[in-house]
Amino acid sequence: MLTKESIQRIDREIGKYPQDRKQSAVMAALAIAQEELGWLPSEAIEFVANYLGMEPIAAYEVASFYNMYDLKPVGKHKLTVCTNLPCMLSGGVDAGEYLKKKLGIDFNETTPDGRFTLKEGECMGACGDAPVMLVNNRRMCSCMQPEQIDKLLAELE
Amino acid sequence: MAILGAINPMLTVGLDGDNAWRLEDYVKRGGYSALRKILAEKTPTDQIINEVKKSVLRGRGGAGFPTGLKWSFMPKYVPGDKYVICNSDEGEPGTFKDRDILRYNPHSVIEGMAIAAYAVGAARGYNYIHGEIWEIYKRFEDALDEARAAGLIGKDILGSGFDFELFAHHGYGAYICGEESALLDSIEGKKGQPRFKPPFPASFGLYGRPTTVNNTETFSAVPFILNHGADAYLEAGKPNNGGTKLFSVSGHVNRPGNYEIPLGTPFSTLLEMAGGIRGGRKLKACIPGGSSAPVLPAQTIMDCTMDYDSISKAGSMLGSGAVIIMDETTCMVRALERLSYFYYEESCGQCTPCREGTSWLYKIVHRIEHGQGRTDDLDLLRSVTTNIMGRTICALGDAASMPVQSFVKHFQDEFAYHIEHKKCLVPPEIQRAGSGFFKATV
């Protein structure tokens, strides 16, 4: 189900925990699976559960509890904008509105060409750099004024 | 560089250049000397814990619990595994200091954790890092590799016979995992739901073993205390409020960022360091310790000094040191609406008063903001908060209630205006200008 490289990365995560505590690696394993597949279909969650020797339902509980797992397909680039209060005071909500207009979609929607999914995020712990956006859970973009957003979208096309 | 200013810094001193985070630079700044000394001299663990107690280092994550006291709760004569955990799950709106500590000074955290592990008899530790800061997580892993290669963590550290394995655990988006027992469940590979206490982590923590959990900034302060002595640390702050603290200043200021200042520094000095209010406007309100801390009106906060006791006396909490500045362009109803949505979204759902109550709080503030408020809504809000507070396993319910109570208390007229006139006291175009996003409108 996953490439050899992903499995190796999961094995490295398992190595961080005591031998009888493989389940501790479930968050990392799900993240690695999502990174490879783009989202987390049930089969991937089940695969991870079996690989770690835990019940599939227990892995599903984890996948559905944490916000950054995508249990439905998302676009090639998932853009998460923080709109929480500190960001809002410095344009986080405006940045969200600007992106909605530019992409022609609402939060939790994907552009028809499958390129972008827009999400509203909660505090990313980077409020001093507001407005803040996260690309595909990995890359944090700071001080996203209109010009910077335009530049980012062009780069991601 | 997001650490924009400091007065007598201890945590952020000498962090110049792109390689400040690297082991080589940290050692040049005197790094790992405290750990080396302890291991070479085989310092008695009680002596270390007493020194930390004497420094009055208080937990920098939000609760302000004395660190030395926490360490002393770890059982001394229990055989088997014990753990030291660093809480870098920094998601309290307004807080972004731990991110910068891990980015610019990760080895101070590693050294602090190794010293803590030695003091409490732990052989393994984890640093739980907030999901959204992947790049910082990678950097911390790189710093761990450096420390491991230099024999500063791992087996038989510096030939002392002391073992300490340390790893990074990456979160994946759940505010509640900042609560220490939820964090422990999360490391165990479960949903992050807070545990009922007692038992406390010192007796039943990770995998049911004795565990001590401290914040990133707390660990980062430990090497200084042991190098320079508890008195030097305590004297830098004020009595009962030892040391310096990183304050994350966000919102309507000219220079949002992190500032390291001694506890007891006047709020007005911090505001000035952050460049004052944008556009020369007037301060309206300030949340001094992260979104869960009660809001204070301008005239109250201007009289405060930045330390646990002064902020507490003024009716709020120093919390994580996240200072959210709101100027006169802020609609307090809209501000509270967004905070209430956050707690509703992040409630883990296990306690009914919090799960249902946070939903109620959000819905009521939402309808006031959207011109559908009812005359008895403010009483209803107060009633919902008193029915949540003290009736839940963890503090998230209280954290959701305190903003509501304080916003309604200090800005009652603005809420009443909203309900009566079905619109904001602050016109929408003024609010929009305040954010500075569309520069043309400022």
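Let me begin by describing the structure that accompanies this report. (Residues numbered from 1 in each chain as written. Chains lettered and ligands numbered in written order. Predicted model: local features only at pLDDT ≥ 70, side-chain atom pairs only at ≥ 80, totals over all residues. Heavy atoms only, no water.)

## Regarding the overall build of chain B
Here is step 1: Per the secondary structure count, chain B includes 19 helices and 12 strands.
Here is step 2: Relative to the 2.2 N^0.38 estimate, which gives 22 Å for 442 residues, the radius of gyration of chain B is 22 Å and therefore close to what a compact globule would have.
Here is step 3: Taken along its principal axes, the extent of the C-alpha atoms in chain B is 75 × 45 × 40 Å.
Here is step 4: Taken across its 442 residues, chain B has 62% of its residues classed as buried.
Here is step 5: With an accessible surface of roughly 16000 Å², chain B has 53% of that area assigned to carbon and sulfur atoms.
Here is step 6: Separation between the mean location of the 47 positive side-chain charges and that of the 50 negative ones in chain B comes to 2 Å. (Helix = DSSP H or I, 4+ residues; strand = E, 2+ residues; numbered from the N terminus. Rg over C-alpha atoms; globule rule 2.2 N^0.38 Å. Buried < 20%, exposed > 50% of the residue type's maximum accessible area, 1.4 Å probe, protein only. Areas by Shrake-Rupley, 256 points an atom, 1.4 Å probe, with all protein chains shown as cover. Lys, Arg positive; Asp, Glu negative; His and termini not counted. Charge placed at Lys NZ, Arg CZ, Asp CG, Glu CD.)

## Considerations on the side chain of B:Glu369
Residues and elements named next belong to chain B.
Here is step 1: Looking at the secondary structure, you find glutamate 369 in helix H15 (residues 352–369).
Here is step 2: Arginine 334 is the oppositely charged side chain nearest to the buried, salt-bridge-free glutamate 369, at an N-O distance of 4.4 Å.
Here is step 3: A polar atom in the side chain of glutamate 369 sits 3.4 Å from the side chain of histidine 418.
Here is step 4: Other than its neighbours up to four places away in sequence, glutamate 369 contacts Cys331, Val333, Arg334, Glu337, His418 and Cys424. (Salt bridge = Lys/Arg side-chain N within 4 Å of Asp/Glu carboxyl O. Polar contact = N/O pair within 3.5 Å; in protein donor to acceptor, adjacent residues only side chain to side chain. Contact = heavy atoms within 4.5 Å.)

## Here we look at the sheet that holds strand E10 (residues 296–297) of chain B
Residues and elements named next belong to chain B.
Here is step 1: Strand order in the open sheet formed by six strands is E1-E7-E6-E12-E9-E10, and the pairing between neighbours is mixed. The open sheet has two edge strands, strand E1 (3–6) and E10, and neither has a second partner.
Here is step 2: With four bridges joining them, strand E9 (residues 283–287) and strand E12 (residues 322–327) adopt antiparallel strand pairing. Directly across from cysteine 286, in E12, lies its bridge partner isoleucine 325. (Pairing = 2+ DSSP bridges.)

## With respect to the layout of surface pockets
Residue and element names in this part refer to chain B.
Here is step 1: For the largest pocket, the calculated volume is near 1400 Å³.
Here is step 2: Lining the largest pocket are 48 residues, with Gly61, Gly62, Ala63, Gly178 and Glu179 sitting closest to its centre.
Here is step 3: It is strand E5 (residues 211–215) that contributes the most residues to the lining of the largest pocket, five residues altogether.
Here is step 4: Each residue belonging to the lining of the largest pocket can be placed in one class, and the counts come to 17 nonpolar, 19 polar and 12 charged. (1 Å grid on protein atoms, 1.4 Å probe; cavity = no way out; pocket = protein on both sides within 12 Å on 5 of 7 lines; lining within 4 Å. Points joined across faces, edges and corners; volume = space filled by probe spheres on them. Nonpolar A, V, L, I, M, F, W, Y, C, P; charged D, E, K, R; others polar.)

## A look at unusual backbone geometry
Residues and elements named next belong to chain B.
Here is step 1: Following lysine 197, the chain continues to proline 198 via a peptide bond in cis, the omega torsion being -5°.
Here is step 2: If you trace the backbone, proline 198 turns up in the loop between helix H8 (180–187) and E5.
Here is step 3: Here the amide bond leading from proline 198 into proline 199 is cis, since omega sits at 5°, within 30 degrees of zero.
Here is step 4: With a phi angle near 65°, tyrosine 32 is a residue other than glycine that sits in the positive phi range.

## Comments concerning the interface of chain A and chain B
Here is step 1: Counting from both sides, the interface comprises 56 residues of chain A and, opposite them, 65 residues of chain B.
Here is step 2: When the buried surface of chain A facing chain B is broken down by residue, A:Lys16, A:Phe65 and A:Leu89 rank first, second and third, together holding 14% of it.
Here is step 3: In this assembly, chain A and chain B are joined by four salt bridges.
Here is step 4: Residues A:Lys16 and B:Glu141 are paired through a salt bridge, measuring 2.9 Å at the closest nitrogen-oxygen approach.
Here is step 5: Where chain A packs against chain B, one counts 28 residue pairs in polar contact (both at pLDDT 80 or more).
Here is step 6: For the side of chain A that touches chain B, the secondary structure elements donating two or more residues are helix H1 (4–14), helix H2 (26–37), helix H4 (56–65), helix H5 (85–89), helix H6 (92–103), strand E3 (116–121), strand E5 (139–141) and helix H7 (146–156) of chain A.
Here is step 7: Partitioned by chemical class, the residues of the side of chain A that touches chain B number 28 nonpolar, 15 polar and 13 charged. (Buried area = accessible area lost by both parts, 1.4 Å probe.)

## Re helix H6 (residues 106–120) of chain B
Residue and element names in this part refer to chain B.
Here is step 1: Helix length check: H6, at 15 residues, gives a terminal C-alpha distance of 21 Å against a target of 21 Å (1.5 Å per residue), a fit within 8%.
Here is step 2: Counting buried positions along H6 gives 15 out of 15 residues, so the element sits mostly inside the fold.
Here is step 3: Backbone geometry just after H6 places glycine 121 at a positive phi near 80°. (Expected span 1.5 Å × (residues − 1).)

## Let's talk about a nonpolar patch on the surface
Here is step 1: Nonpolar side chains collect at one region of the surface, where B:Phe65, B:Leu69 and B:Phe73 lie side by side and expose about 260 Å² of accessible area between them.
Here is step 2: Along the chain, B:Phe73 turns up in the loop between helix H4 (67–72) and strand E2 (83–88). (Patch = residues over 30% accessible without salt bridge, like charges linked within 9 Å, V, L, I, M, F, W, Y side chains within 5 Å.)

## A look at the nonpolar core
Here is step 1: Membership of the largest hydrophobic core comes to 83 residues, with the highest contact counts inside it found for A:Tyr66, B:Met326 and B:Phe407.
Here is step 2: Setting aside residues up to four positions removed in sequence, B:Phe407 forms contacts with B:Ile287, B:Val295, B:Met326, B:Met332, B:Ala335, B:Leu336, B:Leu339, B:Gln412 and B:Phe415.
Here is step 3: Counting 63 residues, the second largest nonpolar core, distinct from the first, contains B:Tyr26, B:Ala116, B:Ala119 and B:Ile153. (Core = buried A, V, L, I, M, F, W, Y, C linked by side-chain atoms within 4.5 Å.)

## Things to note about the packing of helix H14 (residues 332–346) of chain B against helix H17 (residues 396–410) of chain B
Residue and element names in this part refer to chain B.
Here is step 1: With their axes 10 Å apart at the nearest point, H14 and H17 run at an angle of 170° to one another. One way to sum up the angle between H14 and H17 is to call them roughly antiparallel. Contacts from Met332, Ala335, Leu336, Leu339, Ser340, Tyr343 and Glu346 of H14 reach H17 at Leu396, Ala399, Ala400, Pro403, Val404 and Phe407.
Here is step 2: Of the residues that constitute the contact of H14 with H17, the class distribution is 11 nonpolar, one polar and one charged. (Axes fitted to C-alpha atoms, helices over the stretch in contact; angles between N-to-C directions. Parallel < 35°, antiparallel > 145°, perpendicular 65-115°, else oblique.)

## Re the packing of aromatic side chains
Here is step 1: For the structure shown, the criterion picks out 20 aromatic pairs over all chains.
Here is step 2: Both rings, one in B:Phe65 and one in B:Phe73, keep their centres 6.1 Å apart while their planes meet at 45°; by these two values the pair is tilted.
Here is step 3: For B:Phe65, a relative accessible area of 35% translates into the label partly exposed.
Here is step 4: Here B:Phe162 and B:Phe164 contribute two aromatic rings whose centre-to-centre distance is 6.5 Å and whose plane-to-plane angle is 5°, an arrangement assigned as stacked. When sorted by exposure, B:Phe162 lands in the same class as B:Phe164, which is buried.
Here is step 5: What links up through ring pairs into an aromatic cluster is the set A:Phe65, A:Tyr66, A:Tyr69 and B:Tyr172.
Here is step 6: Its end group placed over the ring of B:Trp134, A:Arg138 keeps NZ or CZ at 3.6 Å from the ring centre.
Here is step 7: The ring of B:Phe247 carries the charged tip of B:Lys245 above its face, separated from the ring centre by 5.8 Å. (Phe/Tyr/Trp six-rings, centres within 6.5 Å; stacked < 30°, edge-to-face > 60°. Lys NZ or Arg CZ within 6 Å of the ring centre and 35° of its normal.)

## Overview of the pattern of salt bridges
Here is step 1: In the structure shown here, the tally under the stated rule is 35 salt bridges over all chains.
Here is step 2: The residue A:Lys102 makes a salt bridge to A:Asp150 at a minimum N-O spacing of 2.9 Å. Of the two residues, A:Lys102 sits in helix H6 while A:Asp150 sits in helix H7, which places them 48 residues apart along the sequence.
Here is step 3: Classification of A:Asp150 as partly exposed rests on a relative accessible area of 29%.
Here is step 4: The closest approach of N and O atoms between B:Arg355 and B:Glu356, which form a salt bridge, is 3.0 Å.
Here is step 5: Here B:Arg355 falls in the partly exposed class, since its relative accessible area comes to 33%.
Here is step 6: A relative accessible area of 39% means that B:Glu356 is categorised as partly exposed.

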